[in-house]
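Reading the structure
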Amino acid sequence: AIMPAGIGAAVSTITASENLAASDLVNIWNDGGTEKVRKADATGEGKEICGYVLAGVTSGAPASVYSSDTITGLSGKTPGQVQYLSTTPGLMTATAPSTSGNVVQQVGVAHSATAVSFRPSTPITLA
């Protein structure tokens, strides 16, 4: 390892409760006392961003969930543009949700067409 011990991306292994695609934003939730991970989305409270996956996994399989660093493998991002949690599960968008009940949460800022620095903000539910 090039980095000193304790330095680098924070990663946890958590069972997926649904199929996840590479670069999906995810939410960690309690399934009857068992920690599980699912796609995050901004349609309402309860599925805010907790991290992201870099590789796809199937439901029931262990997922490597990252909570720092850079989300890679993206496309079409504009460098310098803020990205928000989308109302489409697992995805991000350059346009903040605007419907009553939606959750507005920044994911981070694009630093290339294919990468976004992961710096989630505190979620705000629209009235």
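It should be emphasised that the depicted structure is a prediction, and the values quoted were computed from it without experimental measurement.

**Observations concerning the overall build of the protein chain**
- If you tally the helices and strands in the protein chain, you get zero helices and 12 strands.
- Traced from its N-terminal end to its C-terminal end, the protein chain shows the element sequence β-β-β-β-β-β-β-β-β-β-β-β.
- In terms of C-alpha radius of gyration, the protein chain reaches 14 Å, essentially the compact-globule figure of 14 Å for 127 residues.
- Once the C-alpha set of the protein chain is aligned to its principal axes, its extents read approximately 45 × 40 × 25 Å.
- Taking all 127 residues of the protein chain together, 35% fall into the buried category.
- The contacts in the protein chain between residues at least 6 apart in sequence include a share of 56% that link residues at least 24 apart.

**Examining the pairing of strand S2 (residues 25–31)**
- As defined by bridge partners, S2 adjoins strand S4 (residues 51–53) across two bridges and the pair is classed as antiparallel. The residue bridging Val 26 from the neighbouring strand is Gly 51, located in S4.
- One ladder, built from six bridges, connects S2 with strand S3 (residues 34–39); its direction is antiparallel. Counted as the bridge partner of Trp 29 is Lys 36 from S3.

**Some words on the side chain of Asn 102**
- You can see Asn 102 is positioned in the loop between strand S8 (92–93) and strand S9 (103–104).
- By relative accessible area, which is 10% here, Asn 102 ends up buried.
- In terms of polar contacts, Asn 102 uses its side chain to reach the backbone carbonyl oxygen of Thr 43, at 3.4 Å.
- Ignoring sequence-local partners within four residues, the contact set of Asn 102 consists of Ala 42, Thr 43, Thr 87, Pro 97, Ile 124, Thr 125 and Leu 126.

**Considerations on the sheet that holds strand S10 (residues 106–112)**
- Spatial strand order, S6-S11-S10-S7-S8: five strands in an open sheet with antiparallel pairing. Each edge of the open sheet carries a strand with a single partner, namely strand S6 (70–71) and S8.
- The pairing of S10 with strand S11 (residues 115–118) spans four bridges and is antiparallel. Within S11, the position partnered with Gly 108 by the bridge is Phe 118.

**Topic: the nonpolar core**
- The biggest cluster of nonpolar side chains holds 13 residues, and the ones touching the most others in it are Leu 25, Ile 49, Ile 71, Met 92, Val 107 and Phe 118.
- Secondary-structure elements contributing two or more residues to this core are S10 and S11.
- Setting aside its immediate chain neighbours within four residues, Ile 49 contacts Leu 25, Val 26, Ala 40, Leu 85, Gln 105, Gln 106, Val 107 and Phe 118.
- Formed by nine residues, the second largest nonpolar core is a distinct cluster that contains Ile 14, Val 37, Val 57 and Val 65.

**Brief notes about the sheet that holds S3**
- What the five strands build is a closed barrel, ordered S1-S3-S2-S4-S5; its pairing is mixed. Strand-to-strand twist across the sheet, computed as the mean angle between neighbouring axes with direction ignored, equals 55 degrees.

**Things to note about the pattern of salt bridges**
- Throughout the structure, instances matching the rule amount to two salt bridges.
- In this structure, Asp 24 and Lys 39 form a salt bridge, with 3.9 Å as the shortest nitrogen-oxygen distance. Of the two residues, Asp 24 is situated in the loop between strand S1 (11–16) and S2 and Lys 39 in strand S3; the sequence distance between them amounts to 15 residues.
- Residue Lys 36 pairs with Asp 31 through a salt bridge whose shortest N-O separation is 2.8 Å.
- With relative accessibility at 30%, the residue Asp 31 sits in the partly exposed group.

The rules behind each value
The residue numbering used here restarts from 1 in each chain and proceeds along that chain's sequence as written. Since the coordinates come from a predicted model, pLDDT governs what is reported: local features require at least 70, and pairs of side-chain atoms require 80 or more to be given and counted, while whole-chain, interface and lining totals use all residues. Computation of side-chain values covers all heavy atoms of the structure but excludes hydrogens and water. The numbering of helices and of strands both runs from the N terminus, where a helix is a DSSP run of H or I of at least 4 residues and a strand a run of E of at least 2. Put simply, the radius of gyration uses C-alpha atoms, and a globule should come to 2.2 Å times the residue count raised to 0.38. Residue exposure (1.4 Å probe, protein chains only): buried if accessible area is under 20% of the type maximum, exposed if over 50%, otherwise partly exposed. Contacts: residue pairs with any heavy atoms within 4.5 Å of one another. Pairs of strands are assigned from DSSP output, requiring at least two bridges between the strands. By the criterion applied in these results, polar contacts are pairs of N or O atoms within 3.5 Å in which, for protein atoms, one can donate a hydrogen and the other can accept it, and in which residues neighboring in sequence qualify only through two side-chain atoms. To form a nonpolar core, buried Ala, Val, Leu, Ile, Met, Phe, Trp, Tyr and Cys residues must be joined to one another through side-chain atoms within 4.5 Å. The axes used here are C-alpha line fits, helices contributing only the stretch in contact, and every angle between their N-to-C directions lies in the interval 0 to 180 degrees. In the sections that follow, a salt bridge refers to a side-chain nitrogen of Lys or Arg positioned within 4 Å of a carboxyl oxygen of Asp or Glu.

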